Amino acid sequence: MSETITPITMPKFGLAMTEGKLASWSTPVGATVKAGDEIADIETSKITNGYESPAAGVLRRQVAPEGEMLPVGALIGILADADVPDSDIDAFISRFNESFISDDSGSAGNDEPTRKVTEVENLKISVQESGSQHDGIPLLLIHGFGGDLTNWMMTQPALTETRRVIAFDLPGHGESSKDVGDGSPVSFATTVAALAEVLDLQRVHVAGHSLGGAIALELAKTHPDLVASLTLIAPAGLGQDISMTFINGFIEADRRKTLEPVLQQLVHDKSLITRQMIESIIRYKRLDGVIPALKTIAETNFHDGRQAFPLRSVLETYSGPVQVLWGEQDEILSVAGSEDLPDAVTVIRYPDTGHMPQLEKSPDVNKAIKNFLDSGNS
Amino acid sequence: MSKKSFRQAINEALRQEMRRDPRVIIMGEDVAGGRGGTSGVQDAWGGVLGVTKGLLTEFGEDRVLDTPISEASYIGAAAGAAATGLRPVAELMFVDFVGCCLDQIMNQAAKFRYMFGGKARTPLVIRAMYGAGFNAAAQHSQALYPLFTHIPGLKVVVPSSPYEAKGLLIQAIRDDDPVIFLENKVMYDEEEDVPDDPYTIPFGEANLTREGNDVTIVAFGRMVGFANQAADRLEKEGISCTVIDPRTTSPLDSGTILDCVADTGRLVIVDESSPRCNLATDVAALVAEEAFDALKAPIRRVVPPHTPVPFATILENLYLPSVEKIEAAVRSVAAYRVKEEV
């Protein structure tokens, strides 16, 4: 009987999440859903995100009321066919709750990312790997200016189901060394290639966001054999414009009040910028060496308020598959950068989306990457 | 990034600054332990509560100085060493012992810059334990930060968590003025995520640990955690609070306090130091003077009674501000209505 009842539990968005708030239900009790339909909004200390139904069925119960904070894995709702009697559902809920033990350690599955610090050319590089049990070409994720590997918190877990996924902190960012050399895409790409060697990666799919996109392009230019495909998310290097209000504001703002409007430029839905997100960036910026590193990168890449490293030509010479994903309301790097690209390049533009589609439209972006990598290109 | 205790956070701050800058030395009673006896044991204690453990081993006797039990001599020596180019971190053990060396702090270190026309630098840090709740009795339990706050020329830091402690201590060591760094002795085992790399938190910049619309709570040191707990419970009753951790009592971020009171119109101040002329009276005076028009209710202070800290556990617990006392104070200002004039 219970096979026809599917528990919906508090999801785990990213490594750090131990609990989440059921912000709101997007599906009423009694509605029929397909797998992948968004059924609720889940709010964590870092982000609010839509939660997709894991299966098809009728949403029979909303066990968690809106506004309730629950540990990861706790029961929030019940999916079942319409003909499953209420008594069975009640019995299922009480059995589930009796046996549920909150697991803060996050050791729920073997897809759990592992984080470690790797030595790469005298730099400490903080790396987070997941899905190492999968064969096939791994996916390497490169974040952008001022970001870190947690920018992929919605991406890495979803793509790990079928693939080894490696995210890392660029030099100058996150928990990696703060020495950025001249801060150019060339210098970062050299470090990324060295990291690939240390991790013994002969061939990787590369997804790069923003400045990470330019680094990915540079990597494809200098190491075409290493790069199996390119997914460029709102990448630098394809246009010339850059919001210096953002770049300078990010470097200068050191209090929550002044940083919040700067970070809000990253997203179309401004409510996505949470207190916790702002706090974690303030904490990052307090680390020794971060401000000089960011200033070097800005000076090298965005001197005179324009992008200094045009990389469009890489798309003419690089022979692997390329897709470009971009939010139409990007306030940092204009979506115009996705225009007039070679025909072979797949371009997806997301409406009502800012500079971080991998957070703002994570289900769509995850699907796009998955389909792209699975469609015979890997 | 890993979980670290308040004790580990302070130890790591000292260690990283000693590695970074050879001028940083530490001195104090028992900071290494084992000296002076016949056992030959070195680095046995790392201070009475183990905060400086391991530093002697890494940095040696030239930089980790176990001093005689004479606050006047080694605090004076530290002030002189600072004035002549080192960056000493002297440990006073219990802040209650300040009476033995107050001249060295108040009349010497705090005055050097001023008396020498701005030409002298005194990069001295004095660390000490403060606070009740440890069953250490009246002579080892006081929260004397108001005493130091009163003296121009000193900077005074009261960290509220392990993350705050590490960043503020590194800032203190790099600061060119004398800094009094006070650690609540009940908090040494509290843990939270603390970055492994060095970082600094600027002085005079308050931290909002909660943001709400109804009541502003200003709390110091260990009381910040109490205020957060009270705010979380009150949220469920429909009273939303802003909690301000000023981090440093001198300089004091009066701007943030006034901004928040302007938003909420109600103020509760939580201060575990003796209630006369403490930080609660100081902040209350500031707000009464600068934000009178914003106030919708009287300012409430959650403070201990004006007595020595009792030794008996029951009395000591009664003495200290508590989460319940903070909640009651917040409820009373939230419910307060100005009487209409007839």
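As the structure is a computational prediction, the values presented were derived from the model and not from experiment.

(A) Local environment of the interface of chain A and chain B. Counting residues at the interface gives 13 residues for chain A, matched by 23 residues for chain B. In total, about 1400 Å² of surface goes out of reach between chain A and chain B, with carbon and sulfur atoms giving 29% of it. A per-residue breakdown of the area chain A buries against chain B is headed by A:Arg255, A:Arg286 and A:Asp288, which together make up 43% of the total. Counting across the interface, chain A meets chain B through seven salt bridges. Taking the shortest distance from any N to any O, the salt bridge between A:Lys124 and B:Asp197 comes out at 3.2 Å. Every element with two or more residues in the side of chain A that touches chain B is listed here: α6 (256-264) and α7 (275-286) of chain A. The class makeup of the residues in the side of chain A that touches chain B is one nonpolar, no polar and twelve charged.

(B) Inspection of a nonpolar patch on the surface at higher detail. A cluster of nonpolar side chains, B:Tyr114, B:Met115 and B:Phe116, forms an exposed patch at the surface whose accessible area comes to about 440 Å². Along the polypeptide, B:Met115 turns up in helix α5 (residues 112-115).

(C) Main features of helix α9 (residues 254-264) of chain B. Where α9(B) is concerned, the buried positions are B:Thr256, B:Ile257, B:Leu258, B:Cys260, B:Val261 and B:Thr264. Lining the buried residues of α9(B) we find β9 (207-210), β10 (215-219), β11 (241-245), β13 (267-270) and α10 (279-290) of chain B.

(D) Layout of the pattern of salt bridges. Summed over all chains, the structure comprises 43 salt bridges over all chains. For B:Lys155, the salt bridge is made with B:Asp177, and the minimal N-O distance between the two is 3.3 Å. Pair noted here: B:Lys155 is in strand β6 (residues 155-157) and B:Asp177 is in the loop between α7 (162-174) and β7 (179-184), with a separation of 22 residues, a long-range link. Linked by salt bridges that have partners in common, A:Arg256, A:Arg275, A:Glu279, A:Arg283 and B:Glu211 make up one network.

(E) Unusual backbone geometry, seen in detail. The omega torsion across B:Ser250 and B:Pro251 is 0 degrees, close enough to zero to call that bond cis. Structurally, B:Pro251 is set in the loop between β12 (248-250) and α9. If you check the backbone angles, A:Ala234 has positive phi at about 40 degrees while not being a glycine. Looking at the secondary structure, you find A:Ala234 in the loop between β14 (227-233) and α5 (244-252). Residue A:Ala234 is classed as buried on the basis of its relative accessible area, which comes to 0%. Phi is positive for B:Ala137, close to 70 degrees, though the residue is something other than glycine. Position of B:Ala137 relative to the elements: it lies in the loop between β5 (125-130) and α6 (145-149).

(F) Here's a closer look at the sheet that holds strand β15 (residues 322-327) of chain A. Residue and element names in this part refer to chain A. If you trace the eight strands from one edge of the open sheet to the other, you get β9-β10-β12-β11-β13-β14-β15-β16, paired in mixed fashion. Taken across any chain shown, the strands that pair with only one partner, and hence form the sheet edges, are β9 (114-120) and β16 (346-350). In this sheet, neighbouring strand axes are inclined to one another by 20 degrees on average, regardless of whether the strands run parallel or antiparallel. In this structure, strand β10 (residues 123-130) lies alongside strand β12 (residues 165-168), joined through four bridges in antiparallel fashion. Within the sheet, the bridge partner assigned to Val-127 lies in β12 and is Phe-168. Contacting β9, β10, β11 (139-142) and β12, helix α3 (residues 185-198) runs over the sheet at an angle of about 110 degrees to β9.

(G) Highlighting helix α1 (residues 6-20) of chain B. Residues and elements named next belong to chain B. Taking 1.5 Å of rise per residue, 15 residues should cover 21 Å, and α1 covers 21 Å from first to last C-alpha, within 8% of that figure. Of all the 15 residues making up α1, eleven are buried; the element is thus mostly covered by neighbouring parts of the structure. For α1, the full list of buried residues reads Phe-6, Ala-9, Ile-10, Asn-11, Glu-12, Ala-13, Leu-14, Arg-15, Gln-16, Glu-17 and Met-18.

(H) Looking closely at the environment of A:Ala31. Structurally, A:Ala31 is set in the loop between β2 (19-25) and β3 (32-33). Each C-alpha atom of the pair A:Ala31 and A:Val120 lies 52 Å from the other, and the pair is 89 residues apart in sequence.

(I) Examining the packing of aromatic side chains more closely. Taken as a whole and judged by the stated rule, the model has eleven aromatic pairs over all chains. With a centroid separation of 6.1 Å and an interplanar angle of 15 degrees, the aromatic rings of A:Phe96 and A:Phe100 are classed as stacked. Take A:Phe96: its relative accessible area is 16%, and that puts it in the buried class. Where B:Tyr130 meets B:Tyr145, the ring centres are 5.6 Å apart and the plane angle is 90 degrees; that geometry is what we call edge-to-face. Here the residue B:Tyr130 occupies a position in strand β5, and B:Tyr145 occupies one in helix α6, the gap between them amounting to 15 residues. Looking at B:Tyr145, the relative accessible area reads 0%, which means it is buried. The rings of A:Phe145, A:Phe246, A:Phe250 and A:Phe302 are connected pair by pair, giving a single aromatic cluster.

(J) How the structure looks around the sheet that holds β12(B). All names here are of chain B. If you trace the seven strands from one edge of the open sheet to the other, you get β3-β2-β4-β5-β7-β6-β12, paired in mixed fashion. The open sheet has two edge strands with one neighbour each: β3 (64-66) and β12. Each strand axis lies, on average, 20 degrees off the axis of its neighbour in the sheet, ignoring direction. Taken together, the two bridges between β6 and β12 define a ladder with antiparallel strand orientation. From the neighbouring strand, Val-157 faces β12, where its bridge partner is Thr-248. Running over the sheet, helix α3 (residues 71-83) touches β2 (24-28), β4 (87-94) and β5 and is turned about 160 degrees from β4.

Here is what the cut-offs are and how they apply
- Residues numbered from 1 in each chain as written.
- Chains lettered and ligands numbered in written order.
- Predicted model: local features only at pLDDT ≥ 70, side-chain atom pairs only at ≥ 80, totals over all residues.
- Heavy atoms only, no water.
- Contact = heavy atoms within 4.5 Å.
- Buried area = accessible area lost by both parts, 1.4 Å probe.
- Salt bridge = Lys/Arg side-chain N within 4 Å of Asp/Glu carboxyl O.
- Helix = DSSP H or I, 4+ residues; strand = E, 2+ residues; numbered from the N terminus.
- Nonpolar A, V, L, I, M, F, W, Y, C, P; charged D, E, K, R; others polar.
- Patch = residues over 30% accessible without salt bridge, like charges linked within 9 Å, V, L, I, M, F, W, Y side chains within 5 Å.
- Areas by Shrake-Rupley, 256 points an atom, 1.4 Å probe, with all protein chains shown as cover.
- Buried < 20%, exposed > 50% of the residue type's maximum accessible area, 1.4 Å probe, protein only.
- Pairing = 2+ DSSP bridges.
- Axes fitted to C-alpha atoms, helices over the stretch in contact; angles between N-to-C directions.
- Expected span 1.5 Å × (residues − 1).
- Phe/Tyr/Trp six-rings, centres within 6.5 Å; stacked < 30°, edge-to-face > 60°.

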